[in-house]
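The lines below spell out each chain.
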2 protein chains.
Amino acid sequence: MQARGDRLAALVAERELDRLLVTDLVNVRYLTGFGGTNGACVCGEGVRVFLTDFRYAERAEAEVEGWDVVTVTDDWLGGMAERLTGRSGFEDHQMSVRTLKKLEEKLPDGVTLEGAGGTVEKLRRVKDKAELAAIASAAELADEIWRWSLGRGLAGRTELDVAGAAEARMRELGAEPSFSTIVAAGSHGALPHAEPGEREIGPGELVVFDMGAKLDGYCSDGTRTFATGEPGERARAVYEVVREAQEAALGAVRAGRQAEAVDTVARDPIAAAGYGERFGHGLGHGVGLEVHEEPRVSQRSEDVLEVGEVVTIEPGIYLPGELGVRIEDLVVVTDDGHRNLSGLPKDLQLVD
Amino acid sequence: MQARGDRLAALVAERELDRLLVTDLVNVRYLTGFGGTNGACVCGEGVRVFLTDFRYAERAEAEVEGWDVVTVTDDWLGGMAERLTGRSGFEDHQMSVRTLKKLEEKLPDGVTLEGAGGTVEKLRRVKDKAELAAIASAAELADEIWRWSLGRGLAGRTELDVAGAAEARMRELGAEPSFSTIVAAGSHGALPHAEPGEREIGPGELVVFDMGAKLDGYCSDGTRTFATGEPGERARAVYEVVREAQEAALGAVRAGRQAEAVDTVARDPIAAAGYGERFGHGLGHGVGLEVHEEPRVSQRSEDVLEVGEVVTIEPGIYLPGELGVRIEDLVVVTDDGHRNLSGLPKDLQLVD
């Protein structure tokens, strides 16, 4: 935690700020280790202050490392304001318009505020060893749940039943879902963000199964598309296009590469097969304390991949009214490629 | 949903606004019925527009009633901006500083924005029949879980085990926790927001058990303090003080009464018994789509209770290092008093 505060202080100085006020709770957790629901911190040269209220005073003493813990008893915004000096940055992507207005009323003379949202997120992109281990554990646990789910069979159950059982199992194993599990069969699979429904999964259908576990605060994210028996030629053909695109994109992941270029490597073969319009989302995104974080891997991304980033690679083809296929791995970017954290096979698996 | 839009339009006119842009997702759900994760709406005289993106187009058509559904394909903030006219209100308690800045860049000529956060929350305070039924069902389900939990016993299990089993049972019954269940035994009960821990619950301890269910979007909230066998004279005495304070406060609930005055009715006997400093939180809060919403029932509240509001009444005494007691009911405010949605007894129950 000490190191994170030091790295942040360097970024704050680089931006020519005297202080940075961090109010996004995930960022606060990342910097200080605090897991409660009310906290903020102020970082600058020689300054590492963590603020919370009386409810969390005890918890903060136990959890927070490398930051001075201050319990604000009454005036929460005033407690922040009095610790700001000179040009102070704040998280403008998180702070509400109303809160900023109230905070400004409490600022000491001579202090100016400047939007600096995204600074901590930049640090969070590259994971350290402990973070990589936590994400790998979450991914392993999710793999275990997929195997367990397939063992119970898909056909004849409702999407909701499959998803609910998987989430219950995840909780039994001490984790929780990092997002609402997607189980979408047949034409329902054509909705990239389908919610599991009461519909019974039939035979010979493709089933998109998108799931993530959250363990010790860190998330995993992955997708497999299964078939409940022979799904037919067209479904197989679409599956193969996605699979090849996914493998090609994995092969393109490497530190120093433009994220946009990796997206293109997946997008081109899908377009060449005539499904360019049917892959309507970006190729992937970073994963860590949040299941969607930086960097973005898409045509709009300006990010360059770095060693230690963890990203999803998840191309898909969605044919409205017919079917959907998505295949998603979670990988760590390395110097010469990637390390894949997803352990499930990617041949089209026919399951019960 | 039609009626809610109409009531909101009346408030918008009352505030001399031409339009209100609603971006808080809970507020959007309340107004339109939309349950997805990206939506906004614009309300004004003769205008009821709901905006979402392509991912939710189908879902919105199925769920949204009484609002024109518009799918914004590319420029989300631009889609909102072009539907605003004249003096337009926005939810300044929800919108981030950065989003406002981007939105302002896209406003048509002559449109000005004004902070109007809290307008929809005002509507949400008074529940209609369907909402009251949903909250009552959630509360009944939670009662069932308490009975089930007591049937399995508390002593000899860890707090985490008791809380985890209760939440798993809740999910089996089709609901989910409306907040993280609190099970806090012995001295741990002295932390009002304790998280369940690995500590085994001993004999003769007080156990604070605070739980809520969320069913069809609506929350319940309630607390009982149980004893795992005879807890001793002092614990019993503290329990009785809280119980009497709670009953007195319930007796004071009635439409037209100041929420602050109801808080005082509970606070006075606790102070008279010498525990004034040990009741460090407000008496209660509104419950609905969110587990904490308006009105607030505390010394700082300026709210006056109205027929159809649903509030908690939850005094507590917390003796650091020793024990905690909290008793919480969920009640509907009526013309001549209240209707209690919590069905569990409030005598100190000695359980296994």
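What counts as what
Residues numbered from 1 in each chain as written. Chains lettered and ligands numbered in written order. Predicted model: local features only at pLDDT ≥ 70, side-chain atom pairs only at ≥ 80, totals over all residues. Heavy atoms only, no water. Helix = DSSP H or I, 4+ residues; strand = E, 2+ residues; numbered from the N terminus. Rg over C-alpha atoms; globule rule 2.2 N^0.38 Å. Buried < 20%, exposed > 50% of the residue type's maximum accessible area, 1.4 Å probe, protein only. Contact = heavy atoms within 4.5 Å. Areas by Shrake-Rupley, 256 points an atom, 1.4 Å probe, with all protein chains shown as cover. Polar contact = N/O pair within 3.5 Å; in protein donor to acceptor, adjacent residues only side chain to side chain. Pairing = 2+ DSSP bridges. Buried area = accessible area lost by both parts, 1.4 Å probe. Salt bridge = Lys/Arg side-chain N within 4 Å of Asp/Glu carboxyl O. Nonpolar A, V, L, I, M, F, W, Y, C, P; charged D, E, K, R; others polar. Axes fitted to C-alpha atoms, helices over the stretch in contact; angles between N-to-C directions. Least-squares fit on C-alpha atoms with pLDDT ≥ 70 in both. Parallel < 35°, antiparallel > 145°, perpendicular 65-115°, else oblique. Left-handed = near helix turned anticlockwise from the far one by under 90°.

**Considering the overall build of chain A**
So, point 1. Each helix and strand counted, chain A has 10 helices and 19 strands in total.
So, point 2. Whereas a compact globule of 352 residues would reach a radius of gyration of roughly 20 Å, chain A reaches 23 Å, a difference of no more than 12%.
So, point 3. Based on the C-alpha atoms only, the size of chain A along its principal axes is roughly 70 × 40 × 35 Å.
So, point 4. Burial status across chain A gives 57% buried among its 352 residues.
So, point 5. Taking the intrachain contacts of chain A between residues at least 6 apart in sequence as the baseline, contacts between residues at least 24 apart amount to 68%.
So, point 6. Only carbon and sulfur atoms are counted for the fraction: they give 46% of the accessible area of chain A, which is about 14400 Å².

**Comments concerning the side chain of Glu131(B)**
All names here are of chain B.
So, point 1. Examined against the element boundaries, Glu 131 turns out to sit in helix α7 (residues 129-152).
So, point 2. Within the structure, the side chain of Glu 131 is placed 2.4 Å from the side chain of Tyr 218, a separation counted as a polar contact.
So, point 3. Apart from the residues within four sequence positions on either side, Glu 131 is in contact with Arg 4, Tyr 30, Val 126 and Tyr 218.

**Quick word on the sheet that holds strand β7 (residues 176-177) of chain B**
So, point 1. Across the sheet, which stays open at both edges, the three strands sit in the order β7-β10-β11 (chain B) with antiparallel pairing between neighbours. Looking at which strands have only one partner, the edges of the open sheet turn out to be β7 and β11 (218-219) of chain B.

**Some points on the interface of chain A and chain B**
So, point 1. Each side of the interface is counted separately: chain A has 23 residues, and chain B has 23 residues.
So, point 2. For the pair chain A and chain B, the summed buried area comes to about 1900 Å², and 50% of that belongs to carbon and sulfur atoms.
So, point 3. Taken together, the connections running from chain A to chain B amount to six salt bridges.
So, point 4. Glu195(B) is the salt-bridge partner of Arg59(A), the closest N and O atoms lying 2.9 Å from each other.
So, point 5. Of all the secondary structure elements, the ones that give two or more residues to the side of chain A that touches chain B are α3 (57-63) and α5 (97-105) of chain A.
So, point 6. In terms of residue count, α5(A) provides more of the side of chain A that touches chain B than any other element does, three residues in total.
So, point 7. Within the side of chain A that touches chain B, the residues separate by chemical class into seven nonpolar, seven polar and nine charged.

**Here's the deal with the pairing of strand β8 (residues 182-185) of chain A**
Residues and elements named next belong to chain A.
So, point 1. Where burial is concerned, the two faces of β8 agree: the one with Ile 182 and Ala 184 and the one with Val 183 and Ala 185 are both buried.
So, point 2. As paired elements, β8 and strand β9 (residues 206-211) share four bridges and run antiparallel to each other. Bridging from a neighbouring strand, Val 183 pairs with Phe 209 of β9.

**Side note on the sheet that holds strand β4 (residues 68-71) of chain A**
Residue and element names in this part refer to chain A.
So, point 1. One open sheet accounts for six strands, arranged β4-β3-β2-β1-β5-β6; its pairing is mixed. In the strand order of this sheet, the two ends are held by β4 and β6 (112-115), each with one partner. Across the sheet, the axes of successive neighbouring strands diverge by a mean angle of 25 degrees, strand direction being ignored.
So, point 2. One ladder, built from four bridges, connects strand β5 (residues 87-90) with β6; its direction is parallel.

**What about the relation of the copies chain A and chain B?**
So, point 1. The transformation that overlays chain A on chain B combines an axial shift of 0.1 Å with a rotation of 180 degrees, and the residual RMSD is 0.1 Å. In the structure described here, the two chain copies are related by an operation that fits a two-fold rotation axis. No C-alpha of chain A lies nearer the rotation axis than that of Ser96(A), which sits 2.1 Å from it.
So, point 2. The residues that chain A uses at the interface reappear at the interface of chain B in 100% of cases, marking a shared surface.

**What to know about the packing of helix α7 (residues 129-152) of chain A against helix α8 (residues 159-172) of chain A**
Helix-helix packing: each pair is described by the crossing angle between the helix axes and the interaxial distance.
Residues and elements named next belong to chain A.
So, point 1. It is at 10 Å that the axes of α7 and α8 come closest, and there the two elements cross at 135 degrees. Between α7 and α8, the angle is such that the two are oblique. In terms of crossing hand, the pair formed by α7 and α8 is right-handed. Only Ala 165, Ala 166, Arg 169 and Met 170 of α8 make contact with α7, whose side of the interface consists of Leu 141, Ile 145, Trp 148, Ser 149 and Arg 152.
So, point 2. Partitioning the contact of α7 with α8 into residue classes produces six nonpolar, one polar and two charged.

**Topic: the environment of Val238(B)**
Residue and element names in this part refer to chain B.
So, point 1. Within the secondary structure, Val 238 sits in helix α9 (residues 233-252).
So, point 2. Each C-alpha atom of the pair Val 238 and Glu 65 lies 51 Å from the other, and the pair is 173 residues apart in sequence.
So, point 3. For Val 238, the contacting residues outside a window of four places in its chain are Tyr 275, Ile 317, Leu 319, Leu 323 and Val 325.

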